[in-house]
Amino acid sequence: MPNDNRQFLLAARPSGMVKTSDFSFQTVATPEPGPGEALVKVEYLSLDPSMRGQMENRADYVAPLEIGDVMRAGGVGRVIRSDLPELPEGTLVGGTFGMQEYVVTDGDKKVPVRRYPDGTDPQAALGVFGVTGMTAYFGMLELGEPKAGQTVVVSGAAGATGSVAGQLARIKGARVIGMAGTDEKCAWLTDKLGFDAAINYKTADVGAELTRLCPKGIDVYFDNVGGEILDLCLARIANNARVVICGGISRYNATGPIPGPKNYFNLVFRRARMEGFIVLDYQDRFPDAIEEMRGWAEQGLLSQEATVVEGFEKLPETLVGLFQGINTGKLMVKL
């Protein structure tokens with residue numbers, strides 16, 4: 001039985017860009033599982049843009065963290081002790097484990113977990129078969145509804161969610177244009193993932209490129225960034241377009257008032273729909289979605305890139321790095 005459980009706690013509400021000083025470190029005794037409980041040793045933790053909002057003192061779709069709480073984070077790990085028949089030792093599970101090495105679960109109410117089949121790659125469980133993969137699945141396929149021959153644009157396309165969302169649109173036969181922040185990421189989208197084109201939003205004239213690449217307009221825009229990019233896409237939507245609001249990373253570390261989109265009224269002119277969603281509303285459908293995604297992966301139609309940082313102590317600086325664009329695909333820390 002391990003003696004120590006390392007943890008990172010929320011030490012301060014971030015002002016502007018999240019900082020490593022917003023976290024504090026502590027070591028506590030490893031929790032003991034009781035009757036009907038299991039002890040999980042966390043193997044990988046996910047770093048996601050939504051973590052920034054959870055550090056603030058506001059209630060959105062999940063309760064805000066309090067100062068001194070273990071920093072919230074999704075992860076995957078192995079059951080190492082168990083009094084639960086449905087979670088035998090060695091089972092790979094995923095859940096919101098927080099920035100810590102060990103967690104006790106009853107499988108349901110106390111730290112709910114998802115069980116993954118034997119042989120599942122832990123990195124895939126955290127990524128393409130995890131919450132970001134499910135976000136891409138339901139956002140693109142349920143709200144975006146891409147159809148063969150239509151044009152789909154994805155911002156933040158080299159990230160964990162965007163890279164999968166674009167691949168799903170390709171599977172449905174759509175033309176896919178991705179946006180990313182480096183030439184290397186753009187090349188990865190086209191050469192490895194099969195996107196039809198990619199735009200480096202830091203160096204290109206994004207509006208001119210969208211006009212060139214989408215001569216008949218944008219049928220589906222999957223938005224991960226908000227801000228100016230959202231406005232440029234709204235100006236170019238096709239009739240009956242679907243605009244899926246998944247994230248808004250351009251605003252997460254901003255200070256002061258956040259401007260709304262100026263071109264929103266094009267939704268009226270184009271008889272279009274703009275809709276946001278929370279993936280947790282689809283939790284009961286995750287198993288079926290994972291099964292379909294697994295089939296596409298086995299056929300070679302769906303792949304995942306992971307940027308893996310090693311070392312528990314690297315968690316705070318890796319979260320900061322997420323907002324600096326250090327990752328291609330899913331960003332995670334291997335504990």
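Described below are features of the structure shown in this document. (Residues numbered from 1 in each chain as written. Predicted model: local features only at pLDDT ≥ 70, side-chain atom pairs only at ≥ 80, totals over all residues. Heavy atoms only, no water.)

As a further point, take the packing of helix 3 (residues 131–144) against helix 4 (residues 160–171). Axis angle and axis distance: for two packed helices, these are the angle between their axes and the distance between the axes, and together they describe the pair. At their nearest, the axes of helix 3 and helix 4 sit 8 Å apart, and the two run at 45 degrees to each other. By the angle between their axes, helix 3 is oblique relative to helix 4. The two elements helix 3 and helix 4 cross, and the hand of that crossing is right-handed. Residues Thr132, Gly133, Thr135, Ala136, Tyr137, Met140 and Leu141 of helix 3 form the contact with helix 4, whose participating residues are Ala160, Thr161, Val164, Ala165, Leu168 and Ala169. Tallied by class, residues from the contact of helix 3 with helix 4 come to 9 nonpolar, 4 polar and no charged. (Axes fitted to C-alpha atoms, helices over the stretch in contact; angles between N-to-C directions. Helix = DSSP H or I, 4+ residues; strand = E, 2+ residues; numbered from the N terminus. Parallel < 35°, antiparallel > 145°, perpendicular 65-115°, else oblique. Left-handed = near helix turned anticlockwise from the far one by under 90°. Contact = heavy atoms within 4.5 Å. Nonpolar A, V, L, I, M, F, W, Y, C, P; charged D, E, K, R; others polar.)

Bringing the packing of helix 6 (residues 206–213) against helix 7 (residues 227–234) into the picture now. Their axes nearest at 10 Å, the elements helix 6 and helix 7 cross at an angle of 35 degrees. By crossing handedness, the relation of helix 6 to helix 7 is classed as right-handed. The segment helix 6 lies against helix 7, with Val206, Gly207 and Leu210 engaging Ile229, Leu232 and Cys233. Residue composition of the contact of helix 6 with helix 7, by class: 5 nonpolar, 1 polar and no charged.

With that settled, the discussion passes to a negative patch on the surface. On the surface, Asp288, Glu291, Glu292 and Glu298 cluster together to form a negatively charged patch. Checked against the element boundaries, aspartate 288 lands in helix 10 (residues 286–298). (Patch = residues over 30% accessible without salt bridge, like charges linked within 9 Å, V, L, I, M, F, W, Y side chains within 5 Å. Areas by Shrake-Rupley, 256 points an atom, 1.4 Å probe, with all protein chains shown as cover. Salt bridge = Lys/Arg side-chain N within 4 Å of Asp/Glu carboxyl O. Lys, Arg positive; Asp, Glu negative; His and termini not counted. Charge placed at Lys NZ, Arg CZ, Asp CG, Glu CD.)

Our focus in this paragraph is the packing of aromatic side chains. Counted under the stated rule, the structure contains 8 aromatic pairs. Seen in terms of ring centroids, phenylalanine 265 and phenylalanine 269 are 5.4 Å apart; in terms of plane orientation they differ by 80 degrees. Their pairing is edge-to-face. Residue classification places phenylalanine 265 among the partly exposed positions, given a relative accessible area of 41%. Joined through ring pairs, the aromatic side chains of Tyr137, Phe138, Tyr282, Phe286 and Trp296 make up one cluster. It is arginine 294 that lies over the ring of phenylalanine 129; its NZ or CZ is 4.7 Å from the centre. (Phe/Tyr/Trp six-rings, centres within 6.5 Å; stacked < 30°, edge-to-face > 60°. Buried < 20%, exposed > 50% of the residue type's maximum accessible area, 1.4 Å probe, protein only. Lys NZ or Arg CZ within 6 Å of the ring centre and 35° of its normal.)

A few words on the environment of asparagine 5. Mapped onto the elements of the fold, asparagine 5 is located in strand 1 (residues 4–10). For asparagine 5, a relative accessible area of 1% gives the class buried. Taking the C-alpha atoms as reference, asparagine 5 lies 39 Å from lysine 192; in sequence the two are 187 residues apart. Setting aside anything within four residues of it in sequence, one finds asparagine 5 in contact with Gln26, Thr27, Val28, Ala29, Thr30, Pro31, Gln100, Glu101 and Tyr102.

The next point concerns the nonpolar core. Core analysis: the biggest nonpolar cluster contains 45 residues, and Met134, Tyr137, Phe138, Met140, Val152, Leu168 and Met293 have the highest contact counts within it. Elements with a contribution of two residues or more to this core: helix 2 (122–126), helix 3, strand 8 (151–154), helix 4, strand 9 (175–180), helix 5 (183–191), strand 11 (218–223) and helix 10. Ranked by residue count, the leading element in this core is helix 3, at 7 residues. Those residues in contact with valine 152 that sit more than four places away from it in its chain are Met140, Pro146, Ala169, Ala174, Arg175, Val176, Ile177 and Val220. Ranked by size, the runner-up nonpolar core spans 31 residues in total, among them Leu10, Leu47, Phe312 and Leu322. (Core = buried A, V, L, I, M, F, W, Y, C linked by side-chain atoms within 4.5 Å.)

Right, let's get into the sheet that holds strand 9. Across the sheet, which stays open at both edges, the 6 strands sit in the order 10-9-8-11-12-13 with parallel pairing between neighbours. Since the sheet does not close on itself, it has two edges, and those belong to strand 10 (197–200) and strand 13 (273–276), each with one partner. Strand-to-strand, the axes of this sheet are offset by a mean angle of 15 degrees, without reference to chain direction. Pairing analysis gives 4 bridges linking strand 8 to strand 9, with the strands arranged parallel. When the bridges of strand 9 are listed, valine 153 appears paired with isoleucine 177. (Pairing = 2+ DSSP bridges.)

This brings us to the side chain of threonine 120. Looking at where threonine 120 falls in the secondary structure, it is placed in the loop between strand 7 (113–116) and helix 2. Residue classification places threonine 120 among the buried positions, given a relative accessible area of 6%. Polar contacts involving the side chain of threonine 120 include one to the main-chain carbonyl oxygen of proline 117, which spans 2.7 Å. If near-sequence neighbours (up to four positions away) are discounted, threonine 120 is found in contact with Leu92, Ala125, Phe129 and Arg294. (Polar contact = N/O pair within 3.5 Å; in protein donor to acceptor, adjacent residues only side chain to side chain.)

All right, on to unusual backbone geometry then. Positive phi is not limited to glycine here, since glutamate 145 has a value of about 50 degrees. Tracing the backbone shows glutamate 145 in the loop between helix 3 and strand 8. The exposure class of glutamate 145 is partly exposed, given its relative accessible area of 35%. Backbone geometry at arginine 271 places phi at a positive 50 degrees, although glycine is not the residue there. If you trace the backbone, arginine 271 turns up in the loop between helix 9 (266–269) and strand 13.

Attention now goes to the state of the cysteines. Tallied over the entire structure, the rule returns 0 disulfides. Among the cysteines around cysteine 214, which has no disulfide bond, cysteine 233 carries the closest sulfur, lying 7.7 Å off. Accessibility expressed as a relative area gives 0% for cysteine 233, which makes it buried. (Disulfide = S-S within 2.5 Å.)

Functional significance is not addressed by these values, which are geometric in nature.
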